[in-house]
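# Architecture at a glance
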Amino acid sequence: GGWTASIGDVMDHFNMHDFMALTPDEQALVEKVAKKTFRPCCRNSAYFPDCNHGMAMLGLLEILAQKGASEDNLVAAATKANSIWFPQQQQTNCGIQTTGQTQTVPSQPSCGLQS
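## Considering the overall build of the protein chain
- If you tally the helices and strands in the protein chain, you get three helices and two strands.
- Each helix and strand of the protein chain, ordered N terminal to C terminal, gives the series α-β-β-α-α.
- Expressed as a percentage of its 115 residues, the buried residues of the protein chain come to 35%.
- A separation of at least 24 residues holds for 45% of the contacts in the protein chain among residues at least 6 apart in sequence.

Here it is, written out as structure tokens:
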């Protein structure tokens, strides 16, 4: 699903344009939160943005990190975004994996929450 806003093959543009510059610390923070933020639509983390929700989540985390947001702020924003995008799923900690393990995603849809 989704749509493209490019001319030609979309993969010619994937990760090829710098829209904002992050410091190494900001990039590390985005990666840390993205790896534990899951989406029920694709059952992948935002670190692997294979759908529009994943790309939007990654962009949200990058913007917030660049603005100086803390890890807790990024997690709260990701939780809120997932609860808006997937209102049928649980509303608390929606999509945030809380165990620190990023390899497993629950088999039952729970908005990606790993407890």
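## Brief notes about the packing of aromatic side chains
- Summed over the entire model, instances satisfying the criterion amount to zero aromatic pairs.
- Over the face of the ring belonging to Tyr-47 we find Lys-35, whose NZ or CZ atom lies 4.7 Å from the ring centre.

## As for helix α2 (residues 52–66)
- The end-to-end C-alpha distance of α2, which contains 15 residues, comes to 21 Å, matching closely the 21 Å that a straight helix rising 1.5 Å per residue would cover.
- All of the buried residues in α2 are Gly-54, Met-57, Leu-58, Leu-61 and Ala-65. Around the axis of α2, the buried residues are gathered within 100° of arc, so they sit on the same side.
- The inward-facing, buried residues of α2 abut α1 (24–35), β1 (38–39) and α3 (71–85).
- Positive phi shows up at Gly-68, right after α2, with a value of about 95°.

## Comments concerning the pattern of salt bridges
- Applying the stated criterion across every chain yields a total of two salt bridges.
- Residues Glu-71 and Lys-32 are paired through a salt bridge, measuring 3.0 Å at the closest nitrogen-oxygen approach. With Glu-71 in helix α3 and Lys-32 in helix α1, the pair connects residues that are 39 residues apart, well separated along the chain.
- A relative accessible area of 23% means that Glu-71 is categorised as partly exposed.
- On the accessibility criterion, Lys-32 (46% relative accessible area) is partly exposed.
- Taking the shortest distance from any N to any O, the salt bridge between Lys-36 and Glu-71 comes out at 3.0 Å. Here Glu-71 lies in helix α3 and Lys-36 lies in the loop between α1 and β1, a separation of 35 residues in the sequence.
- Its relative accessible area of 18% is what places Lys-36 among the buried residues.

## Structural notes on the confidence of the model for the protein chain
- Across the protein chain, the average pLDDT comes to 75, with 70% of residues at or above 70.
- Across the protein chain, the element-wise mean pLDDT spans from 80 in β1 up to 95 in α1.
- Note that residues 97–115 has pLDDT below 50 and, in this model, 45 contacts with residues that lie over four places away or in other chains.

Thresholds, definitions, all that
- Residues numbered from 1 in each chain as written.
- Predicted model: local features only at pLDDT ≥ 70, side-chain atom pairs only at ≥ 80, totals over all residues.
- Heavy atoms only, no water.
- Helix = DSSP H or I, 4+ residues; strand = E, 2+ residues; numbered from the N terminus.
- Buried < 20%, exposed > 50% of the residue type's maximum accessible area, 1.4 Å probe, protein only.
- Contact = heavy atoms within 4.5 Å.
- Phe/Tyr/Trp six-rings, centres within 6.5 Å; stacked < 30°, edge-to-face > 60°.
- Lys NZ or Arg CZ within 6 Å of the ring centre and 35° of its normal.
- Expected span 1.5 Å × (residues − 1).
- Arc of directions from axis to C-beta.
- Salt bridge = Lys/Arg side-chain N within 4 Å of Asp/Glu carboxyl O.
- pLDDT = per-residue confidence, 0-100.

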